[in-house]
Amino acid sequence: MDSRPWDMLNSNMGAYQTINRIESWIAQCDKGHKFCHGYGEEPFFPTRIIDVQNVGDSTLHLRDRTDVLSSCHDDKLPPYWTLSHRWGNPNNMFKLLQTNEGQMKQGISPEHLPKTFQDVASLLRQLGYRYIWIDSLSIFQDKPEDWQKEADSMTSIYRNSLCNISAISSSYDTSQGLFNDRYSHPRLLYPMSFNFERYSMSGTIWNEERFLSSRVVHFACNQVYWECLQATRCEADPGNQLALLNDIDILPLGSGSIYKKPVPAQPGHKSLAGISR
């Protein structure tokens with residue numbers, strides 16, 4: 001183990017070290033956490049999804065579920081991600097409307113989208129994934145009956161996603177992005193930044209989407225956090241050897257959450273049962 005892993009972090013959270021770290025957390029969870037995958041009881045895929053496969057060619061596509069499933073060569077549904085974000089002023093944000101559905105299916109440039117959405121698309125492609133569900137781009141914003149239908153599916157959408165991205169660093173609106181420079185120099189991440197990060201994570205993303213997702217990658221202001229049903233991690237202590245997160249209120253998602261099937265609580269962690277929201 002590196003005794004001071006925070007010393008080796010790039011000042012920008014879109015650097016390859018951060019992407020590689022997220023990739024390693026996913027691999028470790030896939031390999032060693034039996035509660036964190038295969039959570040949905042029935043096969044599920046959202047009604048509409050954003051396809052980032054061609055983001056390198058500056059094109060994103062809206063896909064219908066039937067189109068995605070018809071291209072599958074076996075019965076296995078493709079993995080997809082979800083995003084938790086703050087809208088800001090909806091009048092200033094590109095969103096799915098009945099009038100631009102055709103345009104979005106033909107392909108739109110990421111430049112038309114907020115910075116957070118651009119960074120999310122880039123992150124998925126670097127990690128090797130293709131699909132992400134974003135509420136403003138996957139639900140018709142001018143069709144109330146579609147909103148109601150998709151709202152009824154929200155539990156399934158988040159529960160069955162491979163991972164949820166929480167854009168804490170874009171806590172005001174989606175123009176701020178994920179791949180920002182850290183507020184503090186990486187050398188100061190331990191032990192200086194955790195009070196602020198704890199406030200951000202518990203106050204901004206402590207919501208239903210967090211509880212419904214079996215895995216969450218939190219892009220906070222100073223570093224990236226990993227949270228799943230059986231572990232919590234951060235860039236300053238990627239393997240939890242220093243136990244930097246043990247004394248703050250970032251708990252494994254499965255610790256008695258009222259939104260999930262209970263899994264065995266990890267030693268030293270409090271239960272989330274009974275939290276009022």
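Described in the following lines is the structure provided in the data block. These numbers come from a predicted model, not from an experiment.

1. Section: the pairing of strand E5 (residues 163-166)
Thought 1: Covered by surrounding structure in E5 are Cys-163 and Ile-165 together with Asn-164 and Ser-166, the residues of both alternating faces.
Thought 2: Relative to E5, strand E3 (residues 80-84) is paired through four bridges, and the arrangement is parallel. Within E5, the position partnered with Ser-84 by the bridge is Ser-166.
Thought 3: Where E5 and strand E6 (residues 215-219) come together, three bridges link them in parallel fashion. In the strand pairing of E6, Asn-164 is matched with Val-216.

2. Observations concerning the state of the cysteines
Thought 1: Applying the stated criterion across every chain yields a total of zero disulfides.
Thought 2: Here Cys-163 is not cross-linked by a disulfide; its sulfur's nearest cysteine counterpart is in Cys-29, at 8.5 Å.
Thought 3: Cys-228 forms no disulfide, and the closest cysteine sulfur to it belongs to Cys-36, at a distance of 3.8 Å.

3. Re the environment of Lys-115
Thought 1: Summarising the element assignment, Lys-115 is placed in helix H4 (residues 115-127).
Thought 2: Measuring from C-alpha to C-alpha, the distance between Lys-115 and Leu-178 comes to 7.8 Å, with 63 residues separating the pair along the chain.
Thought 3: Among all residues touching Lys-115, those that are not within four sequence positions of it are Thr-174, Ser-175, Gln-176, Gly-177 and Phe-179.
Thought 4: At 2.8 Å, the side chain of Lys-115 forms a polar contact with the side chain of Asp-119.

The rules behind each value
Chains are numbered independently. Their residues run from 1 in the order of the written sequence. At least 70 in pLDDT is required for a residue's local features to be given in this predicted model, at least 80 for side-chain atom pairs to be given and counted, and no such filter applies to totals for whole chains, interfaces and linings, which use all residues. Here the side-chain values reflect all heavy atoms present in the structure, with hydrogen atoms and water set aside. Only protein chains enter the accessibility calculation, which uses a 1.4 Å probe; a residue whose area is less than 20% of its type maximum is buried, one above 50% is exposed, and one in between is partly exposed. Helix numbers and strand numbers start at the N terminus; a helix is a DSSP run of H or I with at least 4 residues, a strand a run of E with at least 2. We call two strands paired when DSSP finds no fewer than two bridges between them. A pair of sulfur atoms, both from cysteines and within 2.5 Å, is called a disulfide here. Every residue pair with non-hydrogen atoms within 4.5 Å of one another is taken to be in contact. By the criterion applied in these results, polar contacts are pairs of N or O atoms within 3.5 Å in which, for protein atoms, one can donate a hydrogen and the other can accept it, and in which residues neighboring in sequence qualify only through two side-chain atoms.

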